[in-house]
Amino acid sequence: MMSEPELSPLEDLGLPMDGENETDALDEALAELQGVINKDQEMGPLGNGFDPDDLAETAAAQAPQNGLQDLVMSIPVQLDVVIGSAEMPVSELMGMETGSVVSLNRKIGEAVDICVNGTKIATGEIQSLEDDPSRLGVKIISLEKS
């Protein structure tokens, strides 16, 4: 019994998968996503001028866009909380052993940097989690200006 090969999410959306067209397809998908975001911002919140009869038509027209938006929104990113850093000569680094302490450039209680894929997006403070005090979390206290 042969099973059908699984489609990738891009194939599922009808986007080409060969190497040269992947970049073009991704650029087109990102441009389409930006168009959806711009249209959403122009429309504003529901309420003024909202016609429930248009809901089914709008949903049908946006089905492919929602699939693409869901795909883009599911892309994983690396979030790092930077509590400090240190600079030292290689000789000091090579002399480290179990039990060595590295002095960081921040003090206890100072704000930490929250970075996504290496770019600082916010500042926060370290906290223990309410539901599990043995684990740490970070409370966002300010967002970076974009």
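Student: Is there a simple way to explain the pairing of strand β2 (residues 112–116) in this structure?
Tutor: Counted residue by residue, β2 has 5 buried out of 5 residues, so it is predominantly covered. As judged from the 5 bridges shared by β2 and strand β3 (residues 119–128), these two strands associate in the antiparallel manner. Within β3, the position partnered with Asp113 by the bridge is Thr123. Linkage of β2 to β3, two consecutive antiparallel strands, is achieved through a turn of 2 residues, within which Asn117 is found at a positive phi near 50°.

Student: How do you make sense of the layout of surface pockets when you look at a structure like this?
Tutor: Of the volumes computed, that of the second largest pocket is approximately 200 Å³. Together, Ile83, Leu104, Arg106, Lys107, Ile108, Gly109, Glu110, Ala111, Val112, Glu125 and Ile126 line the second largest pocket. A per-class count over the lining of the second largest pocket returns 6 nonpolar, 1 polar and 4 charged.

Student: Can you help me understand the side chain of Thr123 in this one?
Tutor: Relative to the helices and strands, Thr123 is located in strand β3. Once you skip the residues sitting within four places of it in the chain, Thr123 turns out to touch Ala111, Val112, Ile114, Lys139, Ile140, Ile141, Ser142 and Glu144.

Student: What exactly am I supposed to notice about the pattern of salt bridges here?
Tutor: Side-chain pairs of opposite charge can arise where the charged atoms are in close proximity. Counted by the stated rule, this structure contains 3 salt bridges. Residue Asp113 pairs with Lys120 through a salt bridge whose shortest N-O separation is 3.2 Å. Here Asp113 falls in the buried class, since its relative accessible area comes to 18%. Judged by its relative accessible area of 34%, Lys120 is partly exposed. The salt bridge partner of Glu144 is Lys120, with a shortest N-O separation of 3.6 Å. Of the two residues, Glu144 is situated in the segment after β4 (136–143) and Lys120 in strand β3; the sequence distance between them amounts to 24 residues. Classification of Glu144 as partly exposed rests on a relative accessible area of 38%.

Rules of the game
- Residues numbered from 1 in each chain as written.
- Predicted model: local features only at pLDDT ≥ 70, side-chain atom pairs only at ≥ 80, totals over all residues.
- Heavy atoms only, no water.
- Buried < 20%, exposed > 50% of the residue type's maximum accessible area, 1.4 Å probe, protein only.
- Helix = DSSP H or I, 4+ residues; strand = E, 2+ residues; numbered from the N terminus.
- Pairing = 2+ DSSP bridges.
- 1 Å grid on protein atoms, 1.4 Å probe; cavity = no way out; pocket = protein on both sides within 12 Å on 5 of 7 lines; lining within 4 Å.
- Points joined across faces, edges and corners; volume = space filled by probe spheres on them.
- Nonpolar A, V, L, I, M, F, W, Y, C, P; charged D, E, K, R; others polar.
- Contact = heavy atoms within 4.5 Å.
- Salt bridge = Lys/Arg side-chain N within 4 Å of Asp/Glu carboxyl O.

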